[in-house]
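A look at the structure
The chain contents come next:
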Amino acid sequence: MLVPPLAPQITASTKFQTHPTVRPVRINCSVAWTARATADSYELKVAGGGTQYTGPSTSASAPNASYCGPSHVVRACNASGCSAWSDPPFPQELVIGEPDALVADPSEPPPASDGGQ
């Protein structure tokens, strides 16, 4: 009998932003979490807020503010249900850098869903 997966844990959460004196200011936010063997999909949300990502990947990244938030939680789901949300919420680190460092990783697939937001 299939049971809901265990809760994953967020391993990294970063908001990379170009220096405020550089115009236009560019932002890239990313979040990564551990995989769970019986999970078919994952849900990522800002702690206390709405869902930002739903899909099969164990990371979400976008060259805009799509995955930005003060802290995040994630849960794993399968046909039997979803795990509890990861706990405690994982704070997002702010990194200020040069525009050349803000390059999307071409090996990352596009997000499956952003929750319609």
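Bear in mind that the values here come from a model prediction, so they are computed numbers and not experimental data.

Conventions adopted
Residues numbered from 1 in each chain as written. Predicted model: local features only at pLDDT ≥ 70, side-chain atom pairs only at ≥ 80, totals over all residues. Heavy atoms only, no water. Disulfide = S-S within 2.5 Å. Helix = DSSP H or I, 4+ residues; strand = E, 2+ residues; numbered from the N terminus. Buried < 20%, exposed > 50% of the residue type's maximum accessible area, 1.4 Å probe, protein only. Phe/Tyr/Trp six-rings, centres within 6.5 Å; stacked < 30°, edge-to-face > 60°. Pairing = 2+ DSSP bridges. Axes fitted to C-alpha atoms, helices over the stretch in contact; angles between N-to-C directions. Polar contact = N/O pair within 3.5 Å; in protein donor to acceptor, adjacent residues only side chain to side chain.

Working definition: the covalent bond between the sulfur atoms of two cysteines is a disulfide. One pass over the full model with this rule turns up two disulfides. Between cysteine 29 and cysteine 68 runs a disulfide, and the two sulfur atoms are separated by 1.8 Å. Where cysteine 29 bonds to cysteine 68 through sulfur, the torsion about that S-S bond is close to 75°, and the disulfide is right-handed. One end of the pair, cysteine 29, is in strand β2 (residues 27-33); the other, cysteine 68, is in the loop between β5 (59-62) and β6 (71-78), and 39 residues separate them in sequence. Taking the relative accessible area as the measure of exposure, cysteine 68 reaches 15% and is therefore buried.

A complete count under the given rule lists two aromatic pairs for this structure. Centroid distance tryptophan 33 to tyrosine 42: 6.1 Å. Interplanar angle 55°. Geometry classified as tilted. Neither tryptophan 33 nor tyrosine 42 differs from the other in exposure class; each is buried. Taking the centre distance of 5.9 Å and the plane angle of 50° together, the rings of tryptophan 33 and tyrosine 53 count as tilted. Residue tryptophan 33 is found in strand β2, and its partner tyrosine 53 is found in strand β4 (residues 51-55); the two are separated by 20 residues along the sequence.

Read across the open sheet, the four strands follow the order β5-β2-β1-β9; overall the sheet is mixed. Here the strands that pair on one side only, and so sit at the sheet edges, are β5 and β9 (93-97). This sheet shows a mean twist of 15° between the axes of neighbouring strands, independent of strand direction. Two strands pair when backbone bridges link them, and β2 and β5 are joined in this way by four bridges, in the antiparallel orientation.

The subject of this paragraph is the side chain of threonine 18. Here threonine 18 shows up in strand β1 (residues 10-18). At a separation of 2.9 Å, a polar atom in the side chain of threonine 18 contacts the main-chain amide nitrogen of arginine 26.

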